[in-house]
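The residues making up each chain are set out below.
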Amino acid sequence: MASPEEMNDASENPSSPKSTYKDPDDGRQRFLLELEFIQCLANPTYIHYLAQNRYFEDEAFIEYLKYLQYWQRPEYIKFIMYPHCLYFLELLQNPNFRSAMAHPANKELAHRQQFYYWKNYRNNRLKHILPRPLPEPVAPQPPPVPSSSLPPAPSAAAAAPAPSPMQYNNMLPKNESRNMVSAGIDRRKRKKGP
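Residues numbered from 1 in each chain as written. Predicted model: local features only at pLDDT ≥ 70, side-chain atom pairs only at ≥ 80, totals over all residues. Heavy atoms only, no water.

A. Spatial organisation of the overall build of the chain. Within the chain one finds nine helices and zero strands. Along its sequence from the N terminus, the chain presents helices and strands in the succession α-α-α-α-α-α-α-α-α. The burial tally for the chain puts 17% of its 194 residues in the buried class. For the chain, the proportion of contacts with a sequence separation of at least 24, taken over those separated by at least 6, is 69%. Of the roughly 17100 Å² of accessible surface on the chain, 58% is carried by carbon and sulfur atoms. (Helix = DSSP H or I, 4+ residues; strand = E, 2+ residues; numbered from the N terminus. Buried < 20%, exposed > 50% of the residue type's maximum accessible area, 1.4 Å probe, protein only. Contact = heavy atoms within 4.5 Å. Areas by Shrake-Rupley, 256 points an atom, 1.4 Å probe, with all protein chains shown as cover.)

Now the structure itself:
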């Protein structure tokens, strides 16, 4: 136990160095823990868990959520793999959203909307990012050249487009099963006897 003289010496000498906390890993552990927690907020089921266990009624926890908004700054956002966590962090600042997430139906609604966003994200993004193709320029028609050496103009029947090969399918004979049986061909599957 310290003597009264030592205690008086310590109180009289305010310039003595105070013990300050020195983080052994320069905040790396704290950074990783906060990053992991904030990315968990991308999961509506986890938010529902927090609401069910009344974390959102604790003022210290609400202040912690406000503190975590620094993750929206560019120097921190580059570490986030699930960007929905930032959206949910913003929504969690609203007390109505916090209380609504206690109900399972709202959790399912948020989960479903998140799924639809992920499902259609690429197609929606490509619609707005990719440039639309320019219309093809129409080549001008060459002017008619009057010449007596040209053959006569084709008739209207010859100008019609050539028929598609698919039109010829109707002209081919069909191989119906009744025709195959009458021709002596039986293609039914039968069990082979022992």
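B. Representation of unusual backbone geometry within the structure. Phi is positive for R54, close to 60°, though the residue is something other than glycine. Within the element layout of this structure, R54 appears in the loop between α3 (44–52) and α4 (59–67). We classify R54 as exposed; its relative accessible area is 56%.

C. How the structure looks around the packing of aromatic side chains. Enumeration over the complete set of coordinates arrives at 16 aromatic pairs. Taking 5.6 Å as the distance between ring centres and 55° as the angle between the ring planes, the aromatic pair formed by Y55 and F61 counts as tilted. Classification of Y55 as partly exposed rests on a relative accessible area of 37%. A relative accessible area of 12% means that F61 is categorised as buried. Relative to Y70, the ring of Y67 lies with its centre 5.2 Å away and its plane at 55°, an arrangement referred to as tilted. Overall, Y70 belongs to the buried group, its relative accessible area being 14%. (Phe/Tyr/Trp six-rings, centres within 6.5 Å; stacked < 30°, edge-to-face > 60°.)

D. Main features of the packing of helix α2 (residues 28–40) against α4. Packing of α2 against α4 brings their axes to within 12 Å, and their N-to-C directions diverge by 100°. Judged by the angle between their axes, α2 and α4 are roughly perpendicular. On α4, the residues touching R30, E34 and F37 of α2 are F61, Y64, L65 and Y67. Considered class by class, the residues forming the contact of α2 with α4 number five nonpolar, no polar and two charged. (Axes fitted to C-alpha atoms, helices over the stretch in contact; angles between N-to-C directions. Parallel < 35°, antiparallel > 145°, perpendicular 65-115°, else oblique. Nonpolar A, V, L, I, M, F, W, Y, C, P; charged D, E, K, R; others polar.)

E. Summary view of the pattern of salt bridges. All chains considered together, the criterion is met by four salt bridges. The partner of E34 in a salt bridge is R30, with the nearest N and O atoms 3.1 Å apart. One end of the pair, E34, and the other, R30, are both in helix α2, four residues apart, so they sit about a helical turn from each other. For K107, the salt bridge goes to E108, with nearest N and O atoms at 3.2 Å. Judged by relative accessible area, which is 14%, K107 ranks as buried. By relative accessible area, which is 39% here, E108 ends up partly exposed. (Salt bridge = Lys/Arg side-chain N within 4 Å of Asp/Glu carboxyl O.)

F. Quick peek at the layout of surface pockets. Approximately 190 Å³ is the volume attributed to the largest pocket. As for the largest pocket, its lining consists of 13 residues, of which Y87, F88, L91, A110 and Q113 are closest to the centre. Broken down by element, the residue count for the lining of the largest pocket peaks at six residues, all from helix α8 (residues 104–129). When its residues are assigned to classes, the lining of the largest pocket shows nine nonpolar, four polar and no charged. (1 Å grid on protein atoms, 1.4 Å probe; cavity = no way out; pocket = protein on both sides within 12 Å on 5 of 7 lines; lining within 4 Å. Points joined across faces, edges and corners; volume = space filled by probe spheres on them.)

G. Highlighting the nonpolar core. Within the largest apolar cluster, 24 residues are counted, with the highest numbers of intra-cluster contacts made by I38, L41, F56, L65 and W71. Per element, the largest residue contribution to this core is four residues, and it comes from helix α6 (residues 84–91). Once you skip the residues sitting within four places of it in the chain, F56 turns out to touch I47, L50, A51, F61, I62, L65, L92 and R98. (Core = buried A, V, L, I, M, F, W, Y, C linked by side-chain atoms within 4.5 Å.)

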